[in-house]
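Each chain, letter by letter, is given below.
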Amino acid sequence: MPQPLGSLKETPSQTGGPYVHIGLVPNFCDIAGVWPTDLGASMVNTRTLGERITITGRVFDGLGAAVTDCIVEIWQADATGLYPSPSETRGSSDPNFAGWGRCPANAETGEYRFETIKPGRVPYPGGGLQAPHISLWIVARGINLGLNTRLYFADEAVANAEDPILRRIDPPARRATLTAARAGAAYSFDIHLQGPRETVFLDI
Amino acid sequence: MNVPRPPTPPFANEPPETGAFFARDRQWHPAALTPAYKTSVLRSPQKALLSFGNTLSEMTGPVFGHNILGDLDNDLIHNYARPGEAAIGPRIIVHGKVLDERARPVPGVLLEFWQANAGGRYRHKKEGYLAALDPNFGGCGRAITAADGSYALRTIKPGPYPWPNGVNDWRPAHIHFSIFGSGFAQRLITQMYFEGDPLIPLCPIVNTIKDPAAIEQLIAPLDMAATIPMDATAYKFDIVLRGRRSTLFENRLEGN
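Note that residues are indexed from 1 along each chain, following the sequence as it is written. Numbering of ligands from 1 and lettering of chains from A proceed in the order in which they are written. At least 70 in pLDDT is required for a residue's local features to be given in this predicted model, at least 80 for side-chain atom pairs to be given and counted, and no such filter applies to totals for whole chains, interfaces and linings, which use all residues.

Peer 1: Before we go on, may I ask you to explain the overall build of chain B in this structure?
Peer 2: Note on conventions: DSSP H or I runs of at least 4 residues are helices, E runs of at least 2 residues are strands, and numbering of each starts at the N terminus. What chain B contains, in helices and strands, is 3 helices and 12 strands. Our radius of gyration looks at C-alpha atoms and nothing else; its globule reference is 2.2 Å times the residue count to the power 0.38. Since a compact globule built from 256 residues should have a radius of gyration of about 18 Å, the 20 Å found for chain B is in line with a globular shape. With the C-alpha coordinates of chain B rotated into their principal frame, the extents come out at 60 × 45 × 45 Å. Backbone-placed C-beta atoms define the burial measure: a residue is buried with 20 or more other C-beta atoms within 10 Å of its own, exposed with 12 or fewer, and partly exposed in between. Looking at chain B as a whole, 46% of its 256 residues qualify as buried. We call two residues in contact whenever the C-beta atoms placed from their backbones are within 7 Å. The long-range share in chain B, meaning contacts at least 24 apart out of those at least 6 apart in sequence, stands at 72%.

Peer 1: Hey, could you run me through unusual backbone geometry in this one?
Peer 2: The phi angle of most residues is negative, glycine excepted, and most peptide bonds adopt the trans form. Omega for the peptide link from Asp170 of chain A to Pro171 of chain A comes to 5°, which places this bond in the cis form. Here the phi dihedral of Ala103 of chain B falls at roughly 65°; this positive angle occurs in a residue that is not glycine. Looking at the element boundaries, Ala103 of chain B is found in the loop between strand 2 (91–100) and strand 3 (110–114).

Peer 1: It is not clear to me how the sheet that holds strand 4 (residues 140–144) of chain B should be interpreted in this structure. Could you clarify?
Peer 2: Sheet strands line up and pair through hydrogen bonds in the backbone, either parallel or antiparallel. Taking strand neighbours across the sheet as the criterion, the 5 strands line up as 4-3-8-9-10 (chain B) in an open arrangement whose pairing is mixed. A strand with exactly one partner marks an edge of an open sheet, and here the two such strands are strand 4 and strand 10 (219–220) of chain B. Pairing between two strands requires that DSSP report at least two bridges joining them.

Peer 1: Where do I start with the interface of chain B and chain A in this structure?
Peer 2: How big an interface is tends to be stated in terms of accessible area lost as the parts join. Each side of the interface is counted separately: chain B has 87 residues, and chain A has 78 residues. Those elements that place two or more of their residues in the side of chain B that touches chain A are helix 1 (40–43), strand 1 (50–51), helix 2 (56–59), strand 3, strand 8 (174–179), strand 9 (188–194) and strand 12 (239–241) of chain B. Note on residue categories: nonpolar means Ala, Val, Leu, Ile, Met, Phe, Trp, Tyr, Cys or Pro, charged means Asp, Glu, Lys or Arg, and polar means any other residue, Gly included. Of the residues belonging to the side of chain B that touches chain A, the class tally is 39 nonpolar, 30 polar and 18 charged. Examined bridge by bridge, strand 10 (residues 202–203) of chain A and strand 1 of chain B share 2 bridges and lie parallel to one another.

From the geometry alone we can't say anything about function, so treat these as descriptive.
Written as structure tokens, this is what we have:
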């Protein structure tokens, strides 16, 4: 027998279940006082650099019903394209920008909402730049492994056309599922788990 | 209004983690569509996922400082209880390490926990089980791993409970875990089960995982060495996050 490699297997995922709010957003589900505020509730303050935007949307199941018990987390670069992460080695990001946000869907309407800034462009390994984008992670009852996708911005047509990830989506018509429509400073981004408009989900 | 400061590495003498992650073994994880767990039927993507190598967007991720934690955040027996009171149920310690696939400890990782009370009842408005609420039990907690990747929480052993799936399906006793890593691609939610629970092999959610060895990875053994005499039993639950590729002898491309 050769030497064992000593490597481990990733802990397998299990669904967040219907009560995922208790652990992730306890104040949202009326468990007050354990900690002061829910983590990820605000991403910006008055000094955050960049263009202020809001992102709203809903997650829909295979029958077109809004998923009212999901939680959406987002992760994005600051206005100059730097991530607020120790793994960001190119420079220091905006100290007034968190980069990460978490929002439970509204229990009646299913809407999620983030107040953030438009991210800058981030390099692509091997050269070039990615189009401005936000990474999303979605968990809910019935989702066995958190779903990854990305939001791109409809008003960034030139950058989107050269984005290496978007360009790999085939057929090209599905690229539109990752593009948020703009109205003023508000972007809307609905996510479809199944059906003819199924969102492109990512194996990252 | 304040927002979290951009993080500094939790252990400043360690270089930051910057490599790309090993590909996720999706045969080890549950599939999206698992019909015996009925809710997955309408919530499972049906088209192929788009696979691509990690970019900075996946290799970076939020980290959280110990300053967000309160003294009782990892003590579910007391963090919702009235002063001088405590949650009802078998007192337990759950402890372990967060490691990566290369078996290295992962420090500075935020863990969030949630669970039912000792009767199997969650504190949630959508919960309809007839078991009683415990006025001294909220059911949430959190911790951040130490330099050696270790964490611990004190809680009561949750009860099993029935759930509307089949006519008579029961969840084995379990604690939910949410785990951050150093990169957004490591983000994970899972459930910890208790050694010896006869409901484990019967559970449709457990059985969304195909490989018996993967299921065993979610079962925490009784750990007598970590018990506190006359106080609490203990269970050990190690967690493995995706590892980063070694960059030994690797050509670094411009902009990578």
